[in-house]
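Residue-level listing of the chains:
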Amino acid sequence: MEYLYIKVLHIVALISWMAMFFYLPRLFVYHAQYADKAEFVEIVKLQEMRLYKYIGLPALVLTLLSGGVMIALNPTLFKVADSGLWLHIKLIFVLLFVIYHCVCGYFIKALGKGTCTKSHRFFRIFNEIPTLLVIVIVFLAVCKPF
């Protein structure tokens, strides 16, 4: 029963983390597009930092901790011989999400300092990466094809 409670926590934390991923890069688009509007930029900078620091970071930590606890409670999930290859592949994509999270932190700092040279078009494409990653992760978690 404790496994199911941890799984609920994992899913809720993941949803919160994804909410940040689906909105933060959109803020980057607006930030880059309207960089010449100082009052607007100040509001967006505040939103970016709060979203990253107060929603994204705790959600990241809870997602990773609860996922680790789920593996610890059911270590057979991790055994490749028992059709656990899907989990190994999923964890590679989770690592990509962690890297993406860190890159978002970099862009918050660069945009905040005014040193970011990326265009709003770049951020429109950058905004699509979490969608692609989450499609693969959900597919692997639900279908367990390997």
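Note: the structure precedes this text.
Draft legend 1. Summary view of the pattern of salt bridges. Counted by the stated rule, this structure contains 1 salt bridge. With its nearest N and O atoms 3.1 Å apart, the salt bridge here joins Lys45 to Glu42. Placement of both Lys45 and Glu42 in helix α2 (residues 38-73) is noted, with a separation of 3 residues, approximately one turn of the helix. Residue class for Lys45 comes out partly exposed when judged on its relative accessible area of 24%.

Draft legend 2. Geometry of the state of the cysteines. This model, assessed by the stated rule, comprises 0 disulfides. The thiol sulfur of Cys104 is not disulfide-bonded, and the nearest other cysteine sulfur, from Cys102, lies at 9.2 Å. Classification of Cys104 as buried rests on a relative accessible area of 0%.

Draft legend 3. Fine view of unusual backbone geometry. Positioned with a positive phi, Lys144 is a non-glycine residue whose angle comes to about 40°. Tracing the chain through its elements places Lys144 in the segment after α5 (129-143).

Analysis parameters
- Per chain, residue numbering runs from 1 following the sequence as it is written.
- Per-residue local features of the predicted model are confined to residues with pLDDT of at least 70, and side-chain atom pairs are confined, for both listing and counting, to 80 or more; whole-chain, interface and lining totals are unaffected and use all residues.
- To get the side-chain values, take all heavy atoms of the structure and skip hydrogens and water.
- Whenever a carboxyl oxygen of Asp or Glu lies within 4 Å of a side-chain nitrogen of Lys or Arg, that contact is scored as a salt bridge.
- Note on conventions: DSSP H or I runs of at least 4 residues are helices, E runs of at least 2 residues are strands, and numbering of each starts at the N terminus.
- Partly exposed describes any residue whose relative accessible area lies between the buried limit of under 20% and the exposed limit of over 50%, with all areas from a 1.4 Å probe on protein chains only and scaled to the type maximum.
- Only a pair of cysteine sulfur atoms within 2.5 Å counts as a disulfide in this structure description.

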